[in-house]
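The residues making up each chain are set out below.
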Amino acid sequence: MKRSINNIAFVSLLPLALLSGCNDNDSSPMEVEEVVIPEPVVYSYEVTVSNLTYGQPLSPVAVVLHDEGQFWQIGESASVALEVLAESGDNSSFLMEENVLAGQSGTGIIMPGMSETIEVSLTDNEPALLSLATMLVNTNDAFTGINAITLTNLPVGESISLTTRSYDAGTEKNSELISTIPGPASSGAGEGFNEIRDDLDMVGMHAGVVSVDDGLSTSVLTQAHKFDNPTLHITINRTN
Amino acid sequence: MKINTLMAGLTFAATALSSQAQQLDITVTNLTQGIYYTPILIGAHNADTSLFSTGEMASESLQMMAEGGDISGLSMMLSTANADVVENPAEGLLAPTMTTTTTLDTTDGNMYLSLVAMMLPTNDGFVGLDSWMIPTEAGTYTLTLNAYDAGTEANDEIINGGGSPGVAGIPAAPGGDAGTGAMGVTMNEENGYIHIHRGSLGDDDLAGGKSDLDNTVHRWLNPVARITVVVN
């Protein structure tokens, strides 16, 4: 029994060996001329972002592809680009950070309970990493996102799903004053970016907002603006 | 004959994997922006040992750690159980957003990793990792840790230097950013079992009010710490 299996295996391998030998011998000048410059290879990703909070609209989401670097680190000062995003929701500087190979902004605010799918792609270079950031706009300087998740070996048609937690940029004191909250909670009366750093000046996890209903009498925020982790659900789908 | 040989080989491999000594590089990051960690205790221990278990009463040694930051009792307990121990890797307080690193060589049979440190300013809050099974495969493993309440002291949120077991109050607010003169948030600790901390309340009156804590500084959301373990 065993022996016959071995024989079959041997026999079946033999023609393959012969064939491959034939191919080598048959390679002709014609085939060499058929070699053409390859089409540009495009690596594309669809990133779907869902806002899991009760009452925190999200600023337009920045999605970036990169090969190196991180966009924030616990215990380090926030970059100016991150500070601007976290205090005002303006993602333009973030999208132009030095290590960004391709960046895409969402089309607008994502309201609580809502989702948006953002497409980002890069030509001729398979990106190693993806990052994403957005501000919780009814806060002083809270943001959430993904910091350098690896895309290596993600096949076309496959996806990664995850949830994110919220961070505090550490660049603006969490006063929750009407003059400091850019989101709808202040009806447009609040300031966004201010280059003065009057807080810890180190990125950490956000402690949540206090609100007037929970003991901060000078807060413009109410119980409706409170949030807990996680704050986003994200799916990264490689489409090409 | 062949099957017996195979089984013997498997048994040997499993034994070798489960009890082998390992060399670990451990990094601990305080993820909060307003809470300090008192001296951290890390131990690799056997399956019969634990520093704490949710839903159970705190040991006296855990109470000493959670109320006053004193890790000596828990450390002695670990040593008695032949655990591999690292005491106070940050050489004092681990400030908000700061990171400390250490190494830990484990001996045969010490397959579980645990960590505790008191959170200041709290009454009896601590960050904890309870008996995480150390992977046998070399690699880098990242975990996030939650804040627990030892269930041994009422969370009155009064800073009065009280750090001994059974003494009410919070020992200190190392950031120097807390208030005084609070009336107290509560006199009761109705859940006497180790549980997930409900968070501090704080208030906006640093000269009185219910709490000596600042509600814009001393609150947190989980997770409160990150631990990265490199298994070499």
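Rules of the game
Residues numbered from 1 in each chain as written. Chains lettered and ligands numbered in written order. Predicted model: local features only at pLDDT ≥ 70, side-chain atom pairs only at ≥ 80, totals over all residues. Heavy atoms only, no water. Pairing = 2+ DSSP bridges. Helix = DSSP H or I, 4+ residues; strand = E, 2+ residues; numbered from the N terminus. Axes fitted to C-alpha atoms, helices over the stretch in contact; angles between N-to-C directions. 1 Å grid on protein atoms, 1.4 Å probe; cavity = no way out; pocket = protein on both sides within 12 Å on 5 of 7 lines; lining within 4 Å. Points joined across faces, edges and corners; volume = space filled by probe spheres on them. Nonpolar A, V, L, I, M, F, W, Y, C, P; charged D, E, K, R; others polar. Core = buried A, V, L, I, M, F, W, Y, C linked by side-chain atoms within 4.5 Å. Buried < 20%, exposed > 50% of the residue type's maximum accessible area, 1.4 Å probe, protein only. Contact = heavy atoms within 4.5 Å.

**Observations regarding the sheet that holds strand 4 (residues 115-123) of chain A**
All names here are of chain A. An order of 4-1-10-7 is seen for the four strands of this open sheet, with the pairing classed as antiparallel. Pairing within the sheet leaves two strands with one partner each, and these edge strands are strand 4 and strand 7 (159-164). Geometrically, the sheet is characterised by an average inter-axis angle of 20° between neighbouring strands, direction not taken into account. Pairing of strand 7 with strand 10 (residues 232-238) involves six bridges; the strand directions are antiparallel. Within strand 10, the position partnered with Ile160 by the bridge is Ile236.

**Focus on the layout of surface pockets**
To locate leftover empty space, one rolls a probe as large as a water molecule over the atoms. Taken as a whole, the largest pocket holds about 700 Å³ of empty space. When residues of the lining of the largest pocket are traced back to their parent elements, those giving at least two are strand 6 (142-150) and strand 7 of chain A together with strand 1 (23-30), strand 8 (139-149) and strand 10 (225-231) of chain B. For the lining of the largest pocket, the leading source of residues is strand 6 of chain A, giving five residues. Residue composition of the lining of the largest pocket, by class: 11 nonpolar, 12 polar and three charged.

**Thoughts on the nonpolar core**
Among the nonpolar cores identified, the biggest contains 30 residues, and Leu130, Leu132 and Ile236 of chain A are the most heavily contacted of them. Where this core is concerned, the elements lending two or more residues are strand 1 (42-51), strand 2 (62-66), strand 4, strand 5 (129-135), strand 6 and strand 10 of chain A. Ranked by the residues each element gives to this core, the list is headed by strand 1 of chain A, at four residues. If near-sequence neighbours (up to four positions away) are discounted, Leu132 of chain A is found in contact with Val47, Val49, Val61, Ala62, Val63, Trp72, Thr144, Gly145, Ile146, Leu232 and Ile234 of chain A. Leu24, Ile42, Leu94 and Leu113 of chain B belong to the second largest nonpolar core, which has 28 residues in total.

**Description of unusual backbone geometry**
Looking along the chain, the bond that leaves Asn229 of chain A and enters Pro230 of chain A is cis, with omega of 0°. Mapping Pro230 of chain A onto the fold places it in the loop between strand 9 (204-205) and strand 10. A cis amide bond links Asn222 of chain B to the next residue, Pro223 of chain B, at an omega of 0°. If you trace the backbone, Pro223 of chain B turns up in the loop between strand 9 (195-196) and strand 10. Positioned with a positive phi, Ser187 of chain A is a non-glycine residue whose angle comes to about 50°. Along the chain, Ser187 of chain A falls in the loop between strand 8 (166-168) and strand 9. Residue class for Ser187 of chain A comes out exposed when judged on its relative accessible area of 68%. You will see that Asn88 of chain B, though not glycine, has its phi angle at about 55°, which is positive. Its location among the elements puts Asn88 of chain B in the loop between strand 4 (84-87) and strand 5 (99-105).

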